[in-house]
Amino acid sequence: MSIKSSEDPVIRFAKLSAELYYFLADALIENLGEEKGTAAIQESLRNFAEKRVADMKKEAKERGLPPDAPDTYLKVRDMPSNGWEHDSENPLLITQCPMFDIWKSFGEKGIAMGALYCEIDHILFNGFGLVLNRSQCKTNGDQVCDFRVQLKEGQRADGER
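Residue positions within a chain follow its written sequence, with the count starting from 1. Totals for whole chains, interfaces and linings use every residue, but because this is a predicted model, local features are given only for residues with pLDDT of at least 70 and side-chain atom pairs only at 80 or more, for both listing and counting. Side-chain numbers come from the whole structure's heavy atoms, not from hydrogens or water.

S.K.: Is there a simple way to explain the overall build of the chain in this structure?
M.R.: Strands here mean DSSP runs of E at least two residues long; helices mean DSSP runs of H or I at least four residues long; both are numbered from the N terminus. Counting its secondary structure elements, the chain contains six helices and five strands. Put simply, the chain runs from its N terminus to its C terminus through helices and strands in the order α-α-α-β-β-α-α-α-β-β-β. The atom set for the radius of gyration is the C-alpha atoms, and the globule formula is 2.2 Å times the number of residues raised to the power 0.38. For a compact globule of 161 residues, the expected C-alpha radius of gyration is about 15 Å, and the chain comes in at 17 Å, within 12% of that figure. Counting only C-alpha atoms and orienting by the principal axes, one finds that the chain spans roughly 45 × 40 × 30 Å. Three exposure classes are used, based on accessible area relative to the maximum for each residue type with a 1.4 Å probe and protein chains only: buried under 20%, partly exposed in between, and exposed over 50%. Buried positions account for 39% of the 161 residues belonging to the chain.

S.K.: Even after reading the chapter, I still don't get the nonpolar core, so can you show me in this structure?
M.R.: General note: in soluble globular proteins, nonpolar side chains tend to be found buried as a group. We define the nonpolar core as a collection of buried residues of types Ala, Val, Leu, Ile, Met, Phe, Trp, Tyr and Cys that are connected through side-chain atoms lying within 4.5 Å of one another. Residues Tyr21, Ile41, Met99, Trp103 and Tyr117 are the most contacted members of the largest nonpolar core, which totals 35 residues. Those elements that place two or more of their residues in this core are α1 (9-32), α2 (34-62), α3 (70-76), α4 (98-105), α5 (107-118), α6 (120-126) and β3 (130-133).

S.K.: Help me understand the sheet that holds strand β1 (residues 85-86), please; the structure alone is not making it clear to me.
M.R.: Strands in a sheet are paired, the pairing made by backbone hydrogen bonds, and the direction either parallel or antiparallel. Criterion used throughout: strands pair if DSSP finds at least two bridges between them. One open sheet holds the three strands; their spatial order is β1-β2-β4, and the pairing between them is antiparallel. Because the sheet does not close on itself, it has two edges, and the strands there are β1 and β4 (145-146).

S.K.: For this particular structure, what's the right way to read the environment of Leu74?
M.R.: Looking at where Leu74 falls in the secondary structure, it is placed in helix α3. Residue classification places Leu74 among the exposed residues on the basis of a relative accessible area of 67%. For the pair formed by Leu74 and Ser17, sequence separation is 57 residues and the distance between their alpha carbons is 22 Å.

S.K.: Hey, could you run me through the packing of α1 against α2 in this one?
M.R.: Structural elements are reduced to axes, namely lines fitted to C-alpha atoms, with helices fitted over the stretch in contact, and the angle between N-to-C directions of any two is expressed from 0 to 180 degrees. Two numbers describe how α1 lies on α2: the axes approach to 6 Å, and their chain directions differ by 140°. With respect to α2, the element α1 is oriented oblique. At the point where α1 passes α2, the crossing takes the right-handed sense. Between α1 and α2, the contacting residues are Tyr21, Ala25, Leu28, Ile29 and Leu32 on the first element and Glu34, Lys36, Gly37, Thr38, Ala40, Ile41 and Leu45 on the second. Tallied by class, the residues present in the contact of α1 with α2 amount to eight nonpolar, two polar and two charged. For classification, angles of less than 35 degrees are called roughly parallel, those exceeding 145 degrees roughly antiparallel, those between 65 and 115 degrees roughly perpendicular, and all remaining angles oblique. Left-handed describes a crossing in which the near helix is turned anticlockwise from the far one by less than a right angle; the clockwise case is right-handed. By definition, residues are in contact when any of their heavy atoms lie within 4.5 Å. By the convention adopted, Pro, Cys, Tyr, Trp, Phe, Met, Ile, Leu, Val and Ala count as nonpolar, Lys, Arg, Asp and Glu as charged, and the other residues, Gly among them, as polar.

S.K.: What am I meant to see in the pairing of β3 here?
M.R.: Only one face of β3 is buried, namely the one carrying Leu130 and Leu132, since none of Val131 and Asn133 on the opposite face is buried. In this sheet, strand β5 (residues 148-151) lies alongside β3 in antiparallel orientation, the contact comprising four bridges. What sits directly across from Leu130, in β5, is Leu151.

S.K.: Explain the pattern of salt bridges to me, please; I cannot follow it from the model alone.
M.R.: Close approach of charged atoms lets side chains of opposite charge pair. The salt bridge definition used is simple: a Lys or Arg side-chain nitrogen within 4 Å of an Asp or Glu carboxyl oxygen. Across all of its chains, the model carries eight salt bridges by this definition. Lys109 serves as the salt-bridge partner of Asp26, at 2.6 Å between the closest nitrogen and oxygen. In this pair, Asp26 sits in helix α1 while Lys109 sits in helix α5, placing the two residues 83 residues apart along the sequence. Judged by relative accessible area, which is 41%, Lys109 ranks as partly exposed. Between Arg63 and Glu59 there is a salt bridge, with the nearest N and O atoms lying 3.1 Å from each other. Residue classification places Glu59 among the partly exposed residues on the basis of a relative accessible area of 29%.

Everything listed here is a matter of geometry and, on its own, says nothing about what the molecule does.
In structure tokens, the structure reads:
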């Protein structure tokens with residue numbers, strides 16, 4: 001799969017990011033071995049996700065939004081949603097993901113590395129008092145990615161506990 005200059009810039013950047021991630025992850029596994037390389041990828045992704053959550057919460061505070069409220073996540077989300085297509089009857093189902101398209105182009109190895117990346121979503125939602133219950137994910141061979149979220153136990157919608 002090639003990335004075209006004529007594509008929407010958001011889609012193009014998502015694909016470029018996915019491709020960069022693939023090559024970095026591949027080099028880590030190649031140089032460190034499967035176990036240590038995978039652990040390094042997971043640690044890097046966790047650190048990246050936690051930094052994103054911290055930055056979004058900082059923006060929320062600057063904007064006078066409750067930083068721990070689940071609704072705040074949608075207001076300060078750092079990743080645009082255009083480029084990801086949703087099922088017309090169920091917007092919680094992602095039918096098209098530009099990042100998955102890139103990982104799929106690298107075969108099973110790319111899809112497996114993409115599956116590691118997709119775990120970042122759990123950390124992002126969790127940072128705002130939400131639990132992601134993803135019963136389906138394209139990197140697991142499903143036709144869609146299911147983004148069903150619920151409040152963490154004891155969490156209120158206003159961010160209070």
